Each structure stands twice: as C-alpha cells, then as structure tokens.
Amino acid sequence: MSAKIRWKFLLLIASSLTCFGLLQWGLISMGQKPFLPMTFLTLLGIILLTFFIHQRWMQSIEARFTKTIDTLQAEWNQTLKRVSREKEDCLRMMQEMSEGILILDERGRIRWVNEALRTLFAFPEEATGKSPLELIRHSELEEALKEALKTGKRSSFEMTLPSSPQKIFEANIIPMSSSPGMDAEGTEVSGAIAVFHDISRLKELERMRQDFVANVSHELRTPLTTIKGYTETLLDGALHEEVAFSFIQIIQKHTDRLTKLVEDLLTISKIESRELRLNLEPLNLSEVLRDVLEFIQEAAQKKRVSLQKDVSIESIWVKADRFYLEQILLNLLDNAIKYNREGGEIKVSAQLKDQGVEVSIQDSGIGIPSEDLPRLFERFYRVDKGRSKELGGTGLGLAIVKHLVQAHGGRIWAKSQLGEGSTFFFTLPRSL
C-alpha cells in the first residue's frame with residue numbers, strides 16, 4: 001500500500017471515531033443516558049458508513065491504478081516495437097552496405113557480420129562465435145581489435161591479405177562503450193566494430209593518375225628540350241648558316257608534335273569528364289569510310305599500301321556521330337599504315353552481329369606481341385616506344401578510340417600475330 005493510500009485510510013478511521021465521539025457527547029448533553037443498544041447501533045452505522053466510503057475509495061484507487069498500468073503497458077509495448085523496428089532497420093542498413101562490417105562481443109568473439117564482409121573475405125556461413133584471427137589472418141588487425149577491447153582505443157589503417165595481395169582495404173576499428181557519451185578512459189568496453197572499405201580501385205586510380213602525370217611530363221620534356229636546344233643554337237649565330245633551315249624544320253616537327261599531344265590530351269580529358277556530347281544519327285558506313293579513305297589515300301600511297309573495302313559494307317547502316325566515327329576510323333587506319341610493311345595491304349570489312357555492327361580493320365604489318373595486347377588501349381602505352389616516337393605518335397590515339405567507341409555503346413579489341421599483321425575490331429549500334 002502506498003503512503004498516500006495509507007494516510008487516507010488512517011484519516012477515514014480518525015474521522016469515524018471523531019463522529020462516534022461527537023454523537024455520544026450529543027446524546028449525553030441532551031440528558032439521555034448512553035446505553036448499549038444505542039451505542040451499538042451508532043457504532044454499526046459508523047462502521048457501515050466507513051466501509052462504504054472505504055469501498056468507494058478503493059474502487060477509485062483501483063481504477064486509477066489499472067488505468068496507469070494499462071497506460072504504462074501500452075507505452076512499453078510501443079517502445080519495444082520502436083526499438084525492435086530501429087534494430088531491424090539498422091541491421092538491414094548494415095547488411096546492404098558495400099563496406100564489410102564485423103561486430104565483436106566483449107570476449108573478442110564474432111557476434112555478427114554482414115554479407116559484404118562474407119564476399120570480401122570469403123567467410124563461411126557459420127562465423128558467429130569464432131575469433132577474427134581464425135578467419136582473417138592479419139596480425140595488425142588482430143592487435144588493433146585487442147587494443148580496442150582492452151583500452152577503448154580507435155584505430156585506422158590500410159591492409160592487404162596474403163591470399164589476395166591485389167586487394168587493398170581501409171580498416172576502421174571502433175570500440176563499443178557500455179556508457180555512451182563518456183570518455184574511453186574508465187568506461188567499460190562491451191565490444192568492437194570493424195569496418196572494411198575496399199580501396200583497391202581508388203589506389204589503382206591514384207597510380208594511374210601518377211603514371212599519367214609522369215608520362216605527360218616525359219612526353220612534353222623531350223620536344224621542349226629539342227626546341228629549346230635548336231632555338232638557342234640559332235640565336236647563338238647559326239641563324240645565317242646553311243644548317244639553319246634544317247634546324248627550323250626540326251623545331252616545326254616537334255612543335256607539331258606538341259600541338260598534337262595537347263589536342264589529344266584535351267580530347268581525352270573531355271571524354272573522361274563526360275563532357276562529350278554525341279550527335280547520333282543513321283549513317284551509311286560505306287559513305288563514311290569512303291571519305292576517310294580519300295583523306296588518308298596520300299599517306300597510303302607514300303608507303304605503297306593498298307586500301308581495300310569489303311563490298312559487304314555497302315548495305316550496312318549504323319547509328320553514330322559522324323565526326324567521331326571518322327576520328328575512330330582515321331586513327332585506326334593511320335596506325336595500320338604506319339606499322340605496315342612497304343607494299344602491304346589494309347582491308348576494311350563489317351558484319352551484322354546480334355549486338356550490332358562489327359567493323360574490322362586488318363593490316364599486313366609487323367604485328368603486336370601477345371603480351372602487349374591487354375594493355376594496348378592504355379594511355380601512353382607503346383609496343384615499340386622508339387618507333388612510335390619516330391612515327392610521330394603521342395601514345396593517346398588508341399585510348400581516345402577506346403573511349404569514343406564506348407561512348408557509342410560499343411567495345412573494341414585487337415588480335416595479332418607477330419610478323420603477320422594485326423586486326424582491330426570495334427562494334428557500333430545498328431541503325432534500324
């Protein structure tokens with residue numbers, strides 16, 4: 001019984017006794033002698049009145065208490081439902097994350113892992129209850145987890161696994177405190193969370209960026225050094241000598257190379273920044289190819305290379321941007337001429353495929369080693385660096401072609417046999 005109810009009950013008894021005393025005093029004052037029956041009846045009436053009032057109070061108290069209990073029960077059920085829903089949402093969110101998540105209990109045993117972590121580290125179905133070291137063999141990770149559970153220290157580091165050294169992960173270790181909001185020191189740690197983010201692609205992009213900067217610097221340095229050297233020679237007095245004209249020709253050659261390099265850099269930058277806008281339209285492949293072959297006819301004749309167009313192209317229509325399609329064909333045909341043998345031939349053909357139109361450009365040139373084919377379309381990659389520079393290549397042509405083909409929704413690849421020539425293939429969407 002609560003203190004409030006107890007005091008009400010005592011007050012009721014005191015009031016009843018007071019009423020009984022006042023009644024008896026009144027009877028005596030009126031000259032009536034109190035006798036047993038009257039006293040008994042008076043006391044019985046007071047008791048009945050007290051009982052009735054007490055019952056009314058108890059019913060009121062019980063009703064209030066029941067209402068309070070029902071309200072608390074309803075609020076408790078709502079709280080449980082909300083907490084359960086939030087827990088499910090949290091688990092679902094962590095399950096759908098691309099980062100791998102590992103949750104440990106206070107003993108350092110695995111409590112939960114998400115699907116991404118199973119995929120990243122090839123975890124078995126039953127990982128709960130095991131030690132992380134049983135599944136991930138990495139000493140730095142093990143030490144970081146132990147430190148987090150022991151002292152509540154956070155840590156972040158990069159890691160690779162012996163089983164897949166090409167994969168690089170950023171690991172973040174976060175202790176779980178039993179008293180949220182308090183400092184780590186003096187707070188009991190109830191577990192730890194390890195979050196793994198696959199940064200292999202970022203590292204690869206960083207390496208490519210560094211290689212790109214190094215390659216551009218190298219490509220610019222050579223012609224600039226040559227131009228500077230010959231210019232200084234001319235300024236030092238050779239301007240009026242017989243060699244002056246040949247010096248100026250060399251300067252012009254390297255200036256043209258710099259101009260072409262800058263143009264290619266701007267083109268590939270525009271493509272990779274997604275600023276390229278294609279004007280797609282139905283095009284007769286034969287007509288486009290005829291204009292391109294006329295443009296490079298002089299270069300082919302200088303090397304006595306014959307250009308052949310398969311008759312199957314006549315009836316093929318593609319959906320493409322005419323300017324960029326010409327650029328693709330010019331680049332591939334220019335390479336086929338440059339790396340062809342004297343008196344060789346180039347054959348251009350096309351076929352209708354399920355995925356669209358497949359165009360092929362076959363030459364009878366020097367060929368490409370098989371180990372170089374996978375990297376053929378990388379920026380600044382050259383099979384024969386000395387010969388490429390001698391022929392005026394920038395190392396960006398095939399990379400630009402690859403991006404232009406992909407922008408059209410196609411793909412490009414090459415086949416080659418050393419000493420017997422190469423064939424470049426690319427696909428374009430068919431115009432219906």
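All residue numbers refer to position in the chain's written sequence, counted from 1. Local features are withheld for residues below a pLDDT of 70 in this predicted model, meaning they are given only at 70 or higher, and side-chain atom pairs are given and counted only at 80 or more; totals for whole chains, interfaces and linings count all residues. With hydrogens and water excluded, all non-hydrogen atoms of the structure serve as input to the side-chain values.

A closer look at the pattern of salt bridges
Opposite charge on two side chains permits pairing when their charged atoms draw close. The salt bridge criterion pairs a side-chain nitrogen of Lys or Arg with a carboxyl oxygen of Asp or Glu, the two atoms within 4 Å. According to the stated counting rule, one finds 11 salt bridges in the structure shown. Residues Arg375 and Glu378 are paired through a salt bridge, measuring 3.1 Å at the closest nitrogen-oxygen approach. Buried means the residue's accessible area, taken with a 1.4 Å probe over protein chains only, is under 20% of the maximum for its type, while exposed means over 50%, and partly exposed covers the values in between. Here Arg375 falls in the partly exposed class, since its relative accessible area comes to 41%. Residue Glu378 is classed as partly exposed on the basis of its relative accessible area, which comes to 34%. Linked through salt bridges whose partners overlap, the residues forming this network are Asp291, Arg322 and Glu326.

Here we look at helix 11 (residues 397-407)
Helix and strand definitions follow DSSP, with helices as H or I runs of at least four residues and strands as E runs of at least two, each counted in order from the N terminus. Of all 11 residues in helix 11, eight are buried; the element is thus mostly enclosed. Within the span of helix 11, buried status applies to Gly397, Leu398, Ala399, Ile400, Val401, His403, Leu404 and Val405. Each element contacted by the buried residues of helix 11 is listed here: helix 7 (244-272), helix 9 (322-338), strand 11 (412-417) and strand 12 (421-428). Phi for Gly409, located one or two positions after helix 11, is positive at around 90°. Note on contacts: a residue pair qualifies if any of its non-hydrogen atoms lie within 4.5 Å across the two residues.

A short note on the nonpolar core
As used in this record, nonpolar core signifies buried Ala, Val, Leu, Ile, Met, Phe, Trp, Tyr and Cys residues forming a set joined through side-chain atoms within 4.5 Å. Core analysis: the largest hydrophobic core is formed by 50 residues, its most contacted members being Leu325, Leu332, Leu333 and Phe426. The leading source of residues in this core is helix 9, at eight residues. Apart from residues lying up to four places away in sequence, Leu325 is in contact with Leu283, Leu285, Val288, Val318, Ala320, Phe426 and Leu428. Counting 24 residues, the second largest nonpolar core, distinct from the first, contains Leu104, Ile110, Ala148 and Ala192.

Some points on the packing of helix 6 (residues 200-235) against helix 7
With their axes 9 Å apart at the nearest point, helix 6 and helix 7 run at an angle of 160° to one another. Between helix 6 and helix 7, the angle is such that the two are roughly antiparallel. Seen along the crossing, helix 6 lies across helix 7 with a hand that is left-handed. Here the contact of helix 6 with helix 7 is built from residues that sort into 16 nonpolar, six polar and two charged. The convention used is that axes are lines fitted to C-alpha atoms, helices contributing only their stretch in contact, and that angles between N-to-C directions extend from 0 to 180 degrees. Our angle categories are set so that under 35 degrees counts as roughly parallel, over 145 as roughly antiparallel, 65 to 115 as roughly perpendicular, and the remainder as oblique. Handedness of a crossing is defined here by the sense of rotation of the near helix relative to the far one, left-handed for an anticlockwise turn of less than a right angle and right-handed for a clockwise turn. Residues are grouped as follows: Ala, Val, Leu, Ile, Met, Phe, Trp, Tyr, Cys and Pro are nonpolar; Asp, Glu, Lys and Arg are charged; every other residue, Gly included, is polar.

Section: the sheet that holds strand 5 (residues 189-198)
Here, any two strands with at least 2 DSSP bridges between them count as paired. Read across the open sheet, the five strands follow the order 2-1-5-4-3; overall the sheet is antiparallel. Each end of this open sheet is capped by a strand with a single partner; those strands are strand 2 (110-113) and strand 3 (155-161). Each neighbouring strand pair of the sheet contributes to a mean axis angle of 25°, computed without reference to strand direction. In terms of strand pairing, strand 4 (residues 164-177) meets strand 5 through nine bridges, oriented antiparallel. Across the sheet, residue Pro175 finds its bridge partner in strand 5, namely Ala192. Against the sheet, helix 5 (residues 139-151) makes contact with strand 1 (100-105), strand 3, strand 4 and strand 5, and its axis sits at roughly 145° relative to strand 5, the strand it touches most. Relative to strand 4, helix 6 is tilted by about 125°, and along the sheet it contacts strand 3, strand 4 and strand 5.

Comments concerning the packing of aromatic side chains
Centres within 6.5 Å are what make two rings of Phe, Tyr or Trp a pair, Trp counting through its six-membered ring; a difference in plane orientation under 30 degrees is then read as stacked, over 60 as edge-to-face, and the rest as tilted. This model, assessed by the stated rule, comprises six aromatic pairs. Judged by centre distance (5.1 Å) and plane angle (75°), the ring pair of Phe121 and Phe196 falls under edge-to-face. In this pair, Phe121 sits in helix 3 (residues 115-121) while Phe196 sits in strand 5, placing the two residues 75 residues apart along the sequence. In this structure Phe121 comes out as buried when scored by relative accessible area, which is 9%. Their ring planes at 80° and their centres at 5.1 Å tell us that Phe323 and Tyr324 sit as a pair that is edge-to-face. We classify Tyr324 as buried; its relative accessible area is 11%. Linked through ring pairs, Phe121, Phe169 and Phe196 together constitute an aromatic cluster. Charges are assigned to positions over rings by a cutoff of 6 Å between ring centre and Lys NZ or Arg CZ, combined with an angular limit of 35 degrees from the ring normal. Sitting over the ring of Trp413, Arg411 keeps its end group 4.0 Å from the ring centre.

Points about the sheet that holds strand 7 (residues 306-309)
Hydrogen bonds between backbone atoms are what pair the strands of a sheet, whose relative direction is either parallel or antiparallel. Taking strand neighbours across the sheet as the criterion, the five strands line up as 7-9-10-12-11 in an open arrangement whose pairing is mixed. For this open sheet the edge positions go to strand 7 and strand 11, each flanked by a neighbour on one side alone. Going across the sheet, the axis of each strand differs from the next one's by a mean of 15°, ignoring polarity. Across six bridges, the pairing between strand 11 and strand 12 is antiparallel. Looking at strand 12, one finds that Gln417 is bridged to Gly421.

Structural notes on the environment of Gly421
Position of Gly421 relative to the elements: it lies in strand 12. When the C-alpha atoms of Gly421 and Tyr339 are compared, they prove to be 8.8 Å apart, with 82 residues separating the residues in sequence.

Concerning the pairing of strand 12
Burial within strand 12 is extensive, with eight of its eight residues counted as buried. The two faces of strand 12 match: Gly421, Thr423, Phe425 and Thr427 on one face and Ser422, Phe424, Phe426 and Leu428 on the other face are all buried. Where strand 10 (residues 356-363) meets strand 12, six bridges bridge the pair, whose relative direction is antiparallel. Bridge pairing in strand 12 links Ile361 to Phe424. Counting the residues that bridge the hairpin from strand 11 to strand 12 gives three residues, and of these Gly419 lies at a positive phi of roughly 85°.

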